[in-house]
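Close look at the chain arrangement
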Amino acid sequence: MAVRVTPERRGQARKDEARPTPPPAAANGSRGARTVHAQPMHEARIGRCSRPREACAEKSRRRAARQRPAVPAPVSSGRDSTIEFRSVSVGGGPQEGSVMRLYLLDLGVMQPGNVPVPGYLIRADDGRTILVDTGWPRSFVDTPRNPPGLSIEIKPEETVAARLAALGLDVSDIDYLICSHFDDDHSGNHDLFVNAELVVQREHYELARSGHPRFAANRAAWDHPSLRYSLVDGDVELVPGVELLETSGHVPGHQSVLVRLPVTGPVMLAIDAVMHSSMADAATREMFVTDMDDEARIRRSTRKVSDIAEARGAALVVYGHDADQWATLRRAPAFYE
Ligand SMILES: [Zn+2]
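A short tour of the structure in this document, coming up. (Residues numbered from 1 in each chain as written. Predicted model: local features only at pLDDT ≥ 70, side-chain atom pairs only at ≥ 80, totals over all residues. Heavy atoms only, no water.)

1. Describing the pairing of strand E9 (residues 229–232)
Heads up, the condition is: Classification of residues uses two cut-offs on accessible area relative to the type maximum, computed with a 1.4 Å probe and protein chains only: under 20% is buried, over 50% is exposed, and between them is partly exposed. A run of DSSP states H or I qualifies as a helix once it reaches four residues; a run of E qualifies as a strand once it reaches two. Both are numbered from the N-terminal end. Pairing between two strands requires that DSSP report at least two bridges joining them.
By the alternation rule, side chains of E9 split into Tyr229 and Leu231 and Ser230 and Val232, which are all buried. The pairing of strand E8 (residues 197–201) with E9 spans four bridges and is parallel. The residue of E9 that forms the bridge with Gln201 is Val232.

2. Comments concerning the coordination of the zinc ion
To keep things clear, this is the line we draw: The rule for donors is simple: an N, O or S atom within 2.8 Å of the metal counts, and for Na, K and Ca the reach is 3.2 Å. Water is not among the atoms, so a site may look short of donors. For four-coordinate sites, all angles between 85 and 135 degrees define a tetrahedron; for four- and six-coordinate sites, opposite donors beyond 155 degrees with the remaining angles between 65 and 115 define square planar and octahedral shapes respectively, and all other cases count as irregular.
Coordination of the zinc ion by the protein is provided by Asp185 (OD), His186 (NE2), Asp272 (OD) and His321 (NE2), with metal-donor distances spanning 2.1 to 2.3 Å. If you look at the zinc ion, its four donor atoms make angles of 88 to 162 degrees with each other, and the shape they trace is irregular. On the primary sequence, the residues serving as donors to the zinc ion are separated as D-H-x85-D-x48-H. Highlighted residues: Asp185 in the loop between strand E7 (176–178) and E8 and His321 in the loop between strand E14 (316–319) and helix H8 (323–328), separated in sequence by 136 residues. His321 gets classed as buried once you look at its relative accessible area, which sits at 9%.

3. Considerations on the pairing of strand E11 (residues 242–246)
Look at any regular strand and the pattern is simple: side chains alternate between the two faces of the sheet. With respect to burial, E11 is a largely interior element, five of its five residues being buried. Side chains Val242, Leu244 and Glu246 of E11 all project onto a buried face; the interleaved residues Glu243 and Leu245 project onto the opposite face, where all are buried too. Looking at chain direction, strand E10 (residues 236–239) and E11 are connected through three bridges and run antiparallel. Pairing of Val236 across the sheet is with Leu244, part of E11. Following E10, the chain reverses through two residues before pairing antiparallel with E11; Gly241 in that reversal takes a positive phi of roughly 95 degrees.

4. Things to note about helix H5 (residues 202–209)
At 3.6 residues per turn, the α-helix brings residues three or four places apart onto the same side. We apply this condition: Read the arc as the range of directions from the helix axis to the C-beta atoms.
Burial in H5 covers these residues: Arg202, His204, Tyr205, Ala208 and Arg209. The buried residues of H5 occupy an angular sector of 165 degrees when the element is viewed end-on, so they sit on one face.

5. Quick look at the pattern of salt bridges
Note the threshold: Definition used for salt bridges: Asp or Glu carboxyl oxygen within 4 Å of a side-chain nitrogen of Lys or Arg.
For the coordinates displayed, the defined rule picks out 19 salt bridges. Between Asp106 and Arg331 there is a salt bridge, and its shortest N-O distance comes to 3.2 Å. Within this pair, whereas Asp106 is found in strand E3 (residues 99–111), its partner Arg331 is found in the segment after H8, the two being separated by 225 residues in sequence. One continuous salt-bridge network, built from bridges that share partners, spans Glu237, Glu243, Arg260 and Arg312.

6. With respect to the packing of aromatic side chains
To be explicit about the condition: Two aromatic rings, drawn from Phe, Tyr or Trp (for Trp, its six-membered ring), form a pair once their centres lie within 6.5 Å of each other, and the interplanar angle then sorts them: stacked below 30 degrees, edge-to-face above 60, tilted otherwise.
Per the counting criterion, the structure on display carries five aromatic pairs. Look at Tyr103 and Phe335: their rings are 5.3 Å apart centre to centre, the planes differ by 50 degrees, and that puts the pair in the tilted class. On the criterion of sequence distance, the pair formed by Tyr103 in strand E3 and Phe335 in the segment after H8 is long-range, its members being 232 residues apart. Owing to a relative accessible area of 21%, Phe335 belongs among the partly exposed residues under this scheme. A connected cluster of aromatic rings, assembled from ring pairs, spans Phe182, Tyr205, Trp222 and Tyr229.

7. Considering helix H7 (residues 295–311)
We count it as follows: A helix is expected to reach a length of 1.5 Å times the quantity of its residues less one. Contacts were defined at the residue level, with two residues in contact if any of their heavy atoms lie within 4.5 Å. N or O atoms within 3.5 Å of each other form a polar contact, as long as, within protein, one can give a hydrogen and the other can take it, and as long as residues adjacent in sequence are counted only when both atoms are side-chain atoms.
For H7, which comprises 17 residues, the first-to-last C-alpha distance of 24 Å matches the rise-based estimate of 24 Å (1.5 Å per residue) to within 8%. All of the buried residues in H7 are Ile298, Arg299, Ser301, Thr302, Lys304, Val305, Ile308 and Ala309. Summarising the contacts, the buried residues of H7 are in contact with E11, strand E12 (255–261), strand E13 (265–271) and E14. Backbone nitrogen of Ala296 and a side-chain oxygen of the N-cap are separated by 3.2 Å at the start of H7; the cap is Asp294.

8. What about the sheet that holds E10?
Threshold: Lines fitted to C-alpha atoms define the axes, with helix axes restricted to the stretch in contact, and inter-axis angles between N-to-C directions lie between 0 and 180 degrees.
The strand order E10-E11-E12-E13-E14 describes an open sheet built from five strands, whose pairing is mixed. On the outer flanks of this sheet lie E10 and E14, each paired with one strand and no other. Averaged over neighbouring strand pairs, the angle between their axes works out to 25 degrees when direction is ignored.

Function cannot be read off these values alone, since they describe shape.
Structure (structure tokens):
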């Protein structure tokens, strides 16, 4: 079941950007409590569709023709704003997964060091398409907002929309957008995915919506009024073969993704829980300048990534921003299956 989050006015988002971090209790200001309406997925889809009726009906027919199995039933906690997907079934082997392909998307680099900014596309054998993260804002192709000491380089063919197009997909074809977190190298183009169900950890979503300045500059992209979010708490299996793992540390409510591929086996997308192979040892890893949570939480999540990767026999752990590893990986249009 999906949750539709009632969008707020863009003007309010701008106001949030300009002010310093408000205490959480005051975050919604005069808006009152954030309203979240649970409603059946088909209602949410109809409610947000702005395309001509015929086009929408045609897409619905195509979707139905895929005869996809039902999404795992969420378990209601009793709170109207809470949706929890079914817990991950620990120990599931790759043969259980229905995922067919994993594409690693090059969404530009940061200099010095050719530091990659990845996105990930998962194509399930039932036809569903799942995107993980969307890279820096597409406006950075022409006018990057470089953080101190960094130079962002994105070629026109490296935007997420261009990468999808090269694989024969339109942004409207994406069924789920998994949001690892809202840093702007990961959420810069979320506003393109108005047809998708965006899935994020509740803790992260609520922190960002509270107006935290770290996520304010890019808020227009991830808090766009047309977007539809589902909030999850902890580890969940989104669809068979795609597991979301809560890995707070880099930011509260960060999530990593375990993809069970039929041939390769499990692949762990650590994302920014473990940005580089040199950070993979929980006991010895150094804190990174952009790590926001307390050290204990960062180490706990680093350990969680390596423990689950080992327990599941992961064939590969993909680190979030590791130039040396990235150069060795199979990147789109090639794929893992
Ligand atoms: Zn990052």
